[in-house]
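Chain residues, written in single-letter form:
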Amino acid sequence: MALKCGIVGLPNVGKSTLFNCLSNAKAQAANFPFCTIEPNLGVITVPDERLNALAELVKPHRILPTTVDIVDIAGLVKGASKGEGLGNKFLGNIRECDAVLHVLRCFDDDNVVHVDGSVNPIRDKEIIDMELQLKDLETIESRIQKVAKQAKTGGDREAKIQLDVMTRFKEVLEQGKNAREIEFDSKDEQKAADELFLLTTKPVLYVCNVDEASAKSGNKYTELVQEVAKREKAGIIIVAAKIEADIAELETFEEKQMFLEELGLEESGVNRLIKEAYRLLNLKTYFTAGVQEVRAWTYINGWKAPQCAGVIHTDFEKGFIRAEVIKYNDFITLGSEAACKEAGKMGVEGKEYVVNDGDIMHFRFNV
């Protein structure tokens, strides 16, 4: 599943440094605006301790984790919605992403220039919010008159639904709020909303980039962001990009763990960020486990067995017969597929089975 998160933020907030840590790509990290001109794409593995635990039992020839695409998008400035800076390109790149990782500068450093002269993460957030809202408002206003005419003269039910949805979005955007704050009751309304591809409907995770001293518990800046995130029901994570860059330079897992322990951290910020991005996209993981490979597969929470089978190959979904399912905890406790089968812990499920996070699946199909 080619799902994509875009890293956004004002220039010089630490986006490219963070991207390099996430993907080990070599995006240029420099102390001046627009050092990232073209979006850099990194394919990152999703850390999952369960995959390693399964591999220890099965002893496969190879282990394949699941992945998420991360895009480092050029920094935005005021007026982007009108084409200022790299405005139109920036906005177009966000539109192609499924979720947004919004990096906010939450550290003081006289050696790193701030485009607005001072550190204020809420102001920075509002600058980007406003530009995205203005672009969404432009999108709505360009469509609403045409749809209003269709709804009025043609008695078109679909057009009426679209008009209602766009009118609600317009009211919210004009108040300086994001479109994601609206929740729709019906599937038809949600479908009409999704088809607009608005920038401010995308789920957001605020990434507070802090100094080393604030890596564990945050600081006065992150407290401000937490208040806003709580009000918006958005996600928030605290990361020290400089520390993550140092961790990325270490070669072995043991070295990285020792470094984290010295700082009083249980897990790297990069790992936490990847897991949060995965959760933000409403993604879950199921596994396949055999001698050839133990593999993690990504699916959208709520999918049924045939849809999940289609993640492996479209033929699996078309010719789906049944799924043989072992719960992760049962597999770990009993130690093998054979032991689970003997203990009656392998379920045989049909087309209506909703796959659970961590299920170990074997699909039967015929095309």
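Below or above, wherever it landed, is the structure these notes cover. This is a predicted model, so every value here is computed, not measured. (Residues numbered from 1 in each chain as written. Predicted model: local features only at pLDDT ≥ 70, side-chain atom pairs only at ≥ 80, totals over all residues. Heavy atoms only, no water.)

**Observations regarding the packing of helix H4 (residues 121-153) against helix H5 (residues 157-174)**
Between two packed helices, the angle of one axis relative to the other and the distance separating the axes together describe the packing.
Then step 1. Remark: H4 packs on H5, axes separated minimally by 9 Å, with the N-to-C direction vectors making an angle of 150°. Taken together, H4 and H5 sit at an angle that is classed as roughly antiparallel. The interaxial crossing formed by H4 with H5 has left-handed handedness. Of H5, the residues touching H4 (which contributes Gln133, Asp136, Leu137, Ile140, Glu141, Arg143, Ile144, Val147, Ala148, Gln150 and Ala151) are Ala159, Lys160, Gln162, Leu163, Met166, Thr167, Phe169, Lys170, Leu173 and Glu174. (Axes fitted to C-alpha atoms, helices over the stretch in contact; angles between N-to-C directions. Helix = DSSP H or I, 4+ residues; strand = E, 2+ residues; numbered from the N terminus. Parallel < 35°, antiparallel > 145°, perpendicular 65-115°, else oblique. Left-handed = near helix turned anticlockwise from the far one by under 90°. Contact = heavy atoms within 4.5 Å.)

**A short note on the pairing of strand E7 (residues 235-239)**
Then step 1. E7 sits mainly inside the fold: 4 of its 5 residues count as buried.
Then step 2. When strand E6 (residues 204-209) meets E7, the two strands line up parallel, connected through 5 bridges. Across the sheet, Asn209 pairs through a bridge with Val239, a residue of E7.
Then step 3. After leaving E6, the chain enters helix H7 (residues 220-232) and then returns to the sheet as E7, a path that is right-handed. (Buried < 20%, exposed > 50% of the residue type's maximum accessible area, 1.4 Å probe, protein only. Pairing = 2+ DSSP bridges. Right-handed = clockwise from strand over helix to strand, strands pointing away.)

**Side note on the environment of Leu196**
Then step 1. Residue position: Leu196 is located in the loop between helix H6 (187-194) and E6.
Then step 2. The sequence separation of Leu196 and Gln162 amounts to 34 residues, and the corresponding C-alpha distance is 9.3 Å.
Then step 3. Once residues within four sequence positions are removed from consideration, Leu196 is found in contact with Thr139, Ile140, Arg143, Val165, Met166 and Phe169.

**Notes on the sheet that holds strand E1 (residues 4-8)**
Then step 1. Strand order in this open sheet of 6 strands is E2-E4-E1-E5-E6-E7, and the pairing throughout is mixed. Looking at the sheet topology across the chains shown, the edges are occupied by strand E2 (40-45) and E7. Averaged over neighbouring strand pairs, the angle between their axes works out to 25° when direction is ignored.
Then step 2. The sheet contact formed by E1 and strand E4 (residues 67-72) spans 4 bridges and is parallel. Counted as the bridge partner of Ile7 is Asp72 from E4.
Then step 3. This element, helix H10 (residues 269-280), spans E1, E2, E4, strand E5 (99-105), E6 and E7 of the sheet and lies at about 165° to E7.

**Quick word on the packing of aromatic side chains**
Then step 1. Following the criterion strictly, the structure yields 6 aromatic pairs and no others.
Then step 2. With a centroid separation of 5.5 Å and 85° between ring planes, the pair formed by Phe169 and Phe184 is classed as edge-to-face. Remark: Phe184 occurs in the loop between H5 and H6 and Phe169 occurs in helix H5; sequence separation between them is 15 residues. For the pair Phe169 and Phe184, a shared accessibility class is recorded, and that class is buried.
Then step 3. Aromatic pair Tyr286 and Tyr299: ring centres 6.0 Å apart, planes at 45°, arrangement tilted. With Tyr286 in strand E8 (residues 283-289) and Tyr299 in strand E9 (residues 293-300), this residue pair connects regions lying 13 residues apart in the sequence. (Phe/Tyr/Trp six-rings, centres within 6.5 Å; stacked < 30°, edge-to-face > 60°.)

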